[in-house]
Amino acid sequence: MQGKIVQYCRPKKVQLVTLGCSKNRVDSEHLLRQMASEGIEIVDAGYELSSRSKVDAVILNTCGFIKDAKEESIEAILAAVDAKEHGYVKHVFVFGCLSQRYMDELVEEIPEVDGFFGAFDWDGILKAMGVMKNDALLQQRYLTTPKHYAYLKISEGCDRTCSYCAIPGIRGRHISVPMEELVEEARNLAAMGVRELIVIAQDTTYYGLDLYKRRALGDLLKLLCEVEGIEWIRIHYSYPDQFPDDVLEIMASNLKMCKYIDIPLQHSSTKILKMMRRSIDGPQTQAVIDRIREKVPGVVLRTTLIVGHPGEDRREFDKLLSFVGKNRFDRLGAFTYSEEEGTYGALHFKDSVRESTKQARYDELMELQSGISLECNEARVGNVERVIVDSFTDGVLVCRSQSESPEVDGEILIGKNGYGEFAPEKLIGKFVSAKIVGANEYDLLAEIVAVE
């Protein structure tokens, strides 16, 4: 899918800004590798453009998932257009989920953009940059994360029909990436210094059903664990229905596997789960949690919930609060329901819960989780944990253990008194042993005990 292109260019300097999820980030990194191979200079996405920091082209990889994400993408496009009007940018190009979903409207409403492309039109974007796609680089990336961790996208699209979700309509049906390609990509990342892989997809547990006619995530994880240089592997975005037991066995037995699962549950009420078309009811959801914790002792569970879905009255919301109080998730994020055009929910349900009620329920849920998070963190005080150092900012080492995933979870912070004679800049990307000495509901404080 492609909108009008005003002008092709052969830029010397490009800034690619990624909005939305980590899956978009992986797409951006593949494209950047192709551009960098042609000698194009890549400018950091966070670099503020000005008369002294001009670039030839800004490319925006947009998100079109929910209202807030769409608004953020539109604001980013308008900011890039403004930079173009001030002479800081010569060309502005847009691709990703937003332009895939709203191509005609964007072309009409923001004509200052030099080209709009769909989410999968990588050839078109590269052609606009004057770059011919190099198939030899398809499993290579230009990392935009710190060099010691990277995301590995194992499939595209989704076959689920959740009532609230527009992703299948934007990204299409589920398509698994062959194992041999993923292992090659993982080896390339390890050769670049990556030590932690974060396995992602719209639904990681669905991996392999199209290619291998079976759930093959466990087989893939075994192969990834054999990649030399990779020390941590964690899993994101796992659907709870038919969660594969072999994945839990690998997680419990292989030291490279982080005992961490991101498993978006969305709700606990059977009534609401049925309306959400989640293929799993309340008791089955509880059984999945119990089974995971039984088979992987000490596992950290991260989940996402939606409040204010059509049909959720106070009774159903109270069930959700009880469910959260009982299960005490280590990590929990929440959204208020957003009606998305074209989804089953928008076509079949009335968005009946007031926005003020949605927000009040969100606040109540997150207040409950805040107390749970604080207690979970306080229970770790006194532990010595293996952590990886992500960055050194304002005199503080920012770290994570197996229990924290980058960008979405809290952090382990080590101040000057905690790293003492160690040169902090030289610790970035390294593993250290750290004693937890303090906690709040989000972050932990620590001191270095030893450096590996």
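Residues numbered from 1 in each chain as written. Predicted model: local features only at pLDDT ≥ 70, side-chain atom pairs only at ≥ 80, totals over all residues. Heavy atoms only, no water.

**Side note on the side chain of Glu316**
Inspection of the secondary structure assignment puts Glu316 in helix H11 (residues 314-327). The contact partners of Glu316, leaving out residues within four places of it in the chain, are His267, Ser269, Lys271, Ile272 and Gly311. (Helix = DSSP H or I, 4+ residues; strand = E, 2+ residues; numbered from the N terminus. Contact = heavy atoms within 4.5 Å.)

**Details of the sheet that holds strand E11 (residues 232-235)**
Spatially, E7-E10-E11-E12-E13-E14 is the arrangement adopted by the 6 strands of the open sheet, whose pairing is parallel. Taken across any chain shown, the strands that pair with only one partner, and hence form the sheet edges, are strand E7 (149-153) and strand E14 (331-336). Each strand of the sheet is rotated relative to its neighbour by a mean of 20°, with strand direction disregarded. With 3 bridges joining them, strand E12 (residues 257-262) and strand E13 (residues 300-307) adopt parallel strand pairing. Residue pairing in the sheet places Asp262 in a bridge with Arg302 of E13. (Pairing = 2+ DSSP bridges. Axes fitted to C-alpha atoms, helices over the stretch in contact; angles between N-to-C directions.)

**Side note on the pairing of E14**
Bridge count between E13 and E14: 6 bridges; the pairing is parallel. Bridged to Thr304 within E14 is Gly333. In the classification by handedness, the crossover that spans E13, the intervening H11 and the parallel E14 is right-handed. (Right-handed = clockwise from strand over helix to strand, strands pointing away.)

**Brief notes about the nonpolar core**
Of all hydrophobic cores here, the largest spans 54 residues; its most connected members are Ile154, Leu197, Leu221, Ile233, Ile261 and Leu365. It is helix H6 (residues 179-191) that contributes the most residues to this core, 6 residues altogether. In this structure, Ile154 is in contact with Ser176, Val177, Leu182, Val199, Ile200, Ala201, Thr204, Tyr207, Leu217 and Leu220, ignoring residues within four places of it in sequence. Judged by nonpolar contacts, the second largest core, of 22 residues, contains Val17, Val89, Val92 and Met103. (Core = buried A, V, L, I, M, F, W, Y, C linked by side-chain atoms within 4.5 Å. Buried < 20%, exposed > 50% of the residue type's maximum accessible area, 1.4 Å probe, protein only.)

**Here we look at the pattern of salt bridges**
Pairs can form between side chains of opposite charge once their charged atoms are near each other. Summed over the entire model, instances satisfying the criterion amount to 38 salt bridges. Here Arg314 and Asp318 are joined by a salt bridge, their closest N and O atoms 2.9 Å apart. Separated by 4 residues within a single helix, Arg314 and Asp318 lie in helix H11, roughly one turn from each other. Among the salt bridges present, the one from Arg386 reaches Glu452, with a minimum N-O distance of 2.5 Å. In this pair, Arg386 sits in strand E15 (residues 384-393) while Glu452 sits in the segment after strand E19 (444-451), placing the two residues 66 residues apart along the sequence. On the basis of relative accessibility, which here comes to 31%, the residue Arg386 falls in the partly exposed class. (Salt bridge = Lys/Arg side-chain N within 4 Å of Asp/Glu carboxyl O.)

**Things to note about H6**
Here H6 is 13 residues long and its end C-alpha atoms lie 18 Å apart, about the 18 Å a rise of 1.5 Å per residue gives. Packing partners of the buried residues in H6 comprise helix H1 (22-36), E7, strand E10 (196-200) and helix H7 (217-225). Phi turns positive, to about 110°, at Gly193, one or two residues after H6. (Expected span 1.5 Å × (residues − 1).)

**Here's the deal with the layout of surface pockets**
There is about 600 Å³ of room inside the second largest pocket. Lining the second largest pocket are 23 residues, with Asp27, His30, Trp122, Lys153 and Val177 positioned closest to its centre. Those elements that place two or more of their residues in the lining of the second largest pocket are H1, helix H4 (122-128), strand E8 (155-156), strand E9 (175-176) and H6. The biggest single contributor to the lining of the second largest pocket is H1, with 5 residues. Looking at the lining of the second largest pocket, its residues break down into 9 nonpolar, 6 polar and 8 charged. (1 Å grid on protein atoms, 1.4 Å probe; cavity = no way out; pocket = protein on both sides within 12 Å on 5 of 7 lines; lining within 4 Å. Points joined across faces, edges and corners; volume = space filled by probe spheres on them. Nonpolar A, V, L, I, M, F, W, Y, C, P; charged D, E, K, R; others polar.)

Any functional reading would require information beyond the geometric quantities listed.
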